[in-house]
Amino acid sequence: MKTGWVNDGGKWYYTNNSGAMKTGWINDNGTWYFSDVSGAMQTGVVQVDGKTYSLDAASGAMQVGNVTIMEKIYFCTKWRSNRKRCNTI
């Protein structure tokens, strides 16, 4: 049984030690990722609970610092539970 990040059909999914697929926020060794309700890892700009997040296009890792989203510059910082949130600057 595979655990951790698993590529299936070009999409990445995260499974825990029991093999169950995780959805929502995933903290993998201190790096945050987000998977939608299907379990697929998300990339790019996502809206979660009314907040804007930037996830790296290649790795899916949440970005921090100055990030350009649709020609606006955002500053992404750590917040609750060490997740990062982006605010317009």
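Quick caveat, the model's predicted, so the values are computed rather than measured. (Residues numbered from 1 in each chain as written. Predicted model: local features only at pLDDT ≥ 70, side-chain atom pairs only at ≥ 80, totals over all residues. Heavy atoms only, no water.)

## Examining the overall build of the protein chain
Then, number 1: Broken down by element type, the protein chain carries zero helices and nine strands.
Then, number 2: The N-to-C order of helical and strand elements in the protein chain reads β-β-β-β-β-β-β-β-β.
Then, number 3: Residue burial in the protein chain is summarised as follows: out of 89 residues, 38% are buried.
Then, number 4: Restricting the contact set of the protein chain to residue pairs at least 6 apart, pairs at least 24 apart contribute 22%.
Then, number 5: Accessible surface, the protein chain: about 5600 Å² in total, of which carbon and sulfur atoms supply 47%. (Helix = DSSP H or I, 4+ residues; strand = E, 2+ residues; numbered from the N terminus. Buried < 20%, exposed > 50% of the residue type's maximum accessible area, 1.4 Å probe, protein only. Contact = heavy atoms within 4.5 Å. Areas by Shrake-Rupley, 256 points an atom, 1.4 Å probe, with all protein chains shown as cover.)

## Here's the deal with the nonpolar core
Then, number 1: Trp25, Trp32, Phe34, Val46, Val48, Tyr53, Leu55 and Met62 form the largest nonpolar core, which has eight residues in total.
Then, number 2: Of all elements in the fold, only strand S4 (31-35), strand S5 (44-48) and strand S6 (51-55) reach the threshold of two or more residues within this core.
Then, number 3: Ranked by size, the runner-up nonpolar core spans five residues in total, among them Tyr14, Ile26, Tyr33 and Met41. (Core = buried A, V, L, I, M, F, W, Y, C linked by side-chain atoms within 4.5 Å.)

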